[in-house]
Amino acid sequence: MSVWQLCTNIHGVAPIRACNQTEPKAPARTRPRVSPQLNRWSRARSIRSGRKLDRPVPRTQTLESTPATPPPPPSHPFSPSLDSDYADTLDGGAESTASKTIYIVSDGTGWTAEHCVNAALGQFDYCLVDHGCPVNTHLFSGIDDAEKLLEIVKQAAKEGALLVYTLADPSMASSANQACNLWGVPSTDVLGPITDAISSHLGVSPSGLPRGASGRSFPLSDDYFRRIEAVEFTIKQDDGASPGNLDKADIVLTGVSRTGKTPLSIYLAQKGYKVANVPIVMGVQIPRTLFQVDQKKVFGLTINPVVLQSIRKARAKTMGLTPESRTNYFDMDYVRGELEFAGKLFAQNPSWPVIDVTEKAIEETAAVVLRLFHDRKHKCTMPRISKRY
């Protein structure tokens with residue numbers, strides 16, 4: 001079935017009759033039917049953008065006092081117009097014009113497209129952080145049906161969204177491209193160009209099947225079981241548990257509380273590395289095994305004291321602690337003292353690289369750790385003096 005036929009099936013002829021009818025004015029109608037799934041998507045986007053949701057309008061309420069805004073004219077003289085089924089969102093209106101929306105569509109998990117969009121958005125931190133150009137992203141994963149795809153493109157046209165997609169099936173990718181052209185939706189195919197380039201380079205055609213499709217099989221390899229084992233090991237070694245097993249770890253992380261040791265450990269474990277982390281706390285003896293293991297596998301983590309204090313305050317709030325509580329956990333003097341204590345420990349062990357995690361994403365810190373880890377593993381030149389990264 002072509003894109004034109006699918007568009008006709010989705011829209012039907014009801015909107016045309018409504019525009020040309022000559023009968024006397026009918027009684028006020030109830031609110032047009034809205035797709036429940038798109039309602040949920042719209043509500044999720046509204047919550048992420050921080051806007052307060054209005055109460056849903058009862059089904060018996062008429063639309064006489066709030067006439068619907070007519071849809072924008074089609075971008076092609078023969079393209080189907082955007083009908084009113086999706087004209088109203090759950091909160092009673094369209095997305096705020098102050099923010100831009102990016103739709104991410106994939107026939108698989110959508111991780112590839114999502115990571116590409118996030119990487120690109122990283123180039124606009126100066127704007128996003130200052131709220132000069134707020135952006136809302138929404139992921140549509142597992143879209144393997146052309147009708148679902150066209151519904152999403154139609155909604156993107158209504159919201160003026162950018163559509164970014166990774167569709168392995170060439171026919172689906174072609175449908176997305178044609179629909180976006182018909183409805184004037186700006187779009188980017190993330191997967192297609194590189195797939196075509198590799199196909200030309202190898203001299204073979206791609207399968208056209210998304211990851212996880214029934215026609216593809218992924219046998220359980222040694223790499224898979226190694227990752228599972230690494231995750232299990234890392235969970236058992238979290239927060240200094242079982243220090244006697246540090247020699248079994250591939251990587252050992254150490255630092256004060258709230259420097260991101262646990263999430264970094266789990267992230268590295270999912271890549272197949274056995275990771276242990278040891279907390280540094282003033283007044284608490286550090287396990288001797290930390291100094292007995294291969295020192296090339298130990299990495300220190302540090303952070304800006306002001307940032308650390310704010311993180312600890314947020315953590316204390318989730319634990320029900322108040323500023324009046326008898327704790328110095330987020331007291332600035334204590335925070336600075338603990339970081340100085342950790343700094344002295346790092347200076348006493350110059351073979352430990354020290355990574356400043358301030359304003360770094362977990363992925364960025366992990367990239368530094370793995371680069372240094374493999375440099376050491378392959379005996380590349382390493383400084384003899386402790387260095388911050």
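Attention here is on the structure that accompanies the text. (Residues numbered from 1 in each chain as written. Predicted model: local features only at pLDDT ≥ 70, side-chain atom pairs only at ≥ 80, totals over all residues. Heavy atoms only, no water.)

The next subject is the side chain of S106. Relative to the elements of secondary structure, S106 occurs in strand β1 (residues 100-106). You can call S106 buried: its relative accessible area is 3%. When neighbours within four sequence positions are excluded, S106 is seen to be in contact with F140, S141, G142, I143, T166 and L167. (Helix = DSSP H or I, 4+ residues; strand = E, 2+ residues; numbered from the N terminus. Buried < 20%, exposed > 50% of the residue type's maximum accessible area, 1.4 Å probe, protein only. Contact = heavy atoms within 4.5 Å.)

Another point: the sheet that holds strand β8 (residues 354-356). Reading across from one edge, β6-β5-β7-β8 is the order of the 4 strands in this open sheet, with parallel pairing throughout. The open sheet is flanked by β6 (275-279) and β8, the only strands paired with a single partner. Taken pair by pair, the neighbouring strands of this sheet meet at an average axis angle of 25°, ignoring direction. Alignment of strand β5 (residues 251-255) against strand β7 (residues 298-302), held across 4 bridges, turns out to be parallel. (Pairing = 2+ DSSP bridges. Axes fitted to C-alpha atoms, helices over the stretch in contact; angles between N-to-C directions.)

Its place among the elements puts A361 in the loop between β8 and α14 (362-377). Considered as a pair, A361 and L264 are 97 residues apart in the sequence and their alpha carbons are 9.5 Å apart.

Tracing the backbone through its elements, the reader meets L370 in helix α14. Residue L370 is classed as buried on the basis of its relative accessible area, which comes to 14%. For L370 and I251, which are 119 residues apart along the polypeptide, the C-alpha to C-alpha distance reads 9.2 Å. Beyond its immediate stretch of four places on either side in the chain, L370 contacts I251, L268, K271 and Y273.

Turning to the sheet that holds strand β2 (residues 135-140), a few remarks are in order. Taking strand neighbours across the sheet as the criterion, the 4 strands line up as β2-β1-β3-β4 in an open arrangement whose pairing is parallel. Strand pairing shows two members of the sheet lacking a second neighbour, β2 and β4 (187-189), which therefore form its edges. The average undirected angle you get between the axes of adjacent strands in this sheet is 15°. As judged from the 3 bridges shared by strand β3 (residues 162-166) and β4, these two strands associate in the parallel manner. Bridged to V164 within β4 is T188.

This part takes up the side chain of T365. Here T365 lies in helix α14. Owing to a relative accessible area of 3%, T365 belongs among the buried residues under this scheme. Excluding residues that lie within four positions of it along the chain, T365 makes contacts with L264, L301, I355, V357 and K360.

Packing of helix α10 (residues 261-269) against α14 leaves a shortest axis separation of 10 Å and a crossing angle of 65°. Considering how the two elements wind past one another, α10 and α14 form a crossing that is right-handed. The residues of α14 that touch α10, namely those facing P263, L264, Y267 and L268, are I362, E363, T365, A366, V369 and L370. Of the residues assigned to the contact of α10 with α14, the class counts are 8 nonpolar, 1 polar and 1 charged. (Left-handed = near helix turned anticlockwise from the far one by under 90°. Nonpolar A, V, L, I, M, F, W, Y, C, P; charged D, E, K, R; others polar.)

All right, on to the nonpolar core then. Ranked by internal contacts, the top residues of the largest apolar core, which has 37 residues, are I251, L268, L290 and F299. For this core, the leading source of residues is α14, giving 6 residues. Setting aside chain neighbours within four positions, we find F299 in contact with I251, V252, L253, T254, P353, I355, V369, L372 and F373. Counting residues in each nonpolar core, the second largest holds 22 residues, with A157, L167, M172 and W183 among its members. (Core = buried A, V, L, I, M, F, W, Y, C linked by side-chain atoms within 4.5 Å.)

Pairs can form between side chains of opposite charge once their charged atoms are near each other. All chains considered together, the criterion is met by 4 salt bridges. Here D223 and R226 are joined by a salt bridge, their closest N and O atoms 2.6 Å apart. Of this pair, D223 and R226 are both found in helix α9 (residues 222-236), 3 residues apart, which corresponds to roughly one turn of the helix. Note that E229 is salt-bridged to K274, the shortest N-O span being 3.1 Å. With E229 in helix α9 and K274 in the loop between α10 and β6, this residue pair connects regions lying 45 residues apart in the sequence. Residue classification places E229 among the partly exposed residues on the basis of a relative accessible area of 42%. For K274, a relative accessible area of 22% gives the class partly exposed. A network of salt bridges, in which partner residues are shared, links D223, R226 and R227. (Salt bridge = Lys/Arg side-chain N within 4 Å of Asp/Glu carboxyl O.)

As enumerated under the stated definition, the model contains 5 aromatic pairs in all. Between Y103 and F140, the ring centres sit 4.9 Å apart and the planes meet at 55°, which makes this aromatic pair tilted. Of this pair, Y103 sits in strand β1 while F140 sits in strand β2, and the two are 37 residues apart along the sequence. With respect to burial, Y103 and F140 carry one shared label: buried. Taking 6.4 Å as the distance between ring centres and 65° as the angle between the ring planes, the aromatic pair formed by F346 and W352 counts as edge-to-face. The two residues F346 and W352 agree in class, both being buried. By the ring-pair criterion, three or more aromatic residues cluster together here, those being F291, F346 and W352. Sitting over the face of the ring of F233, K274 holds its NZ or CZ atom 5.8 Å from the ring centroid. (Phe/Tyr/Trp six-rings, centres within 6.5 Å; stacked < 30°, edge-to-face > 60°. Lys NZ or Arg CZ within 6 Å of the ring centre and 35° of its normal.)

Fair warning: the whole summary comes from geometry, so function is off the table for now.
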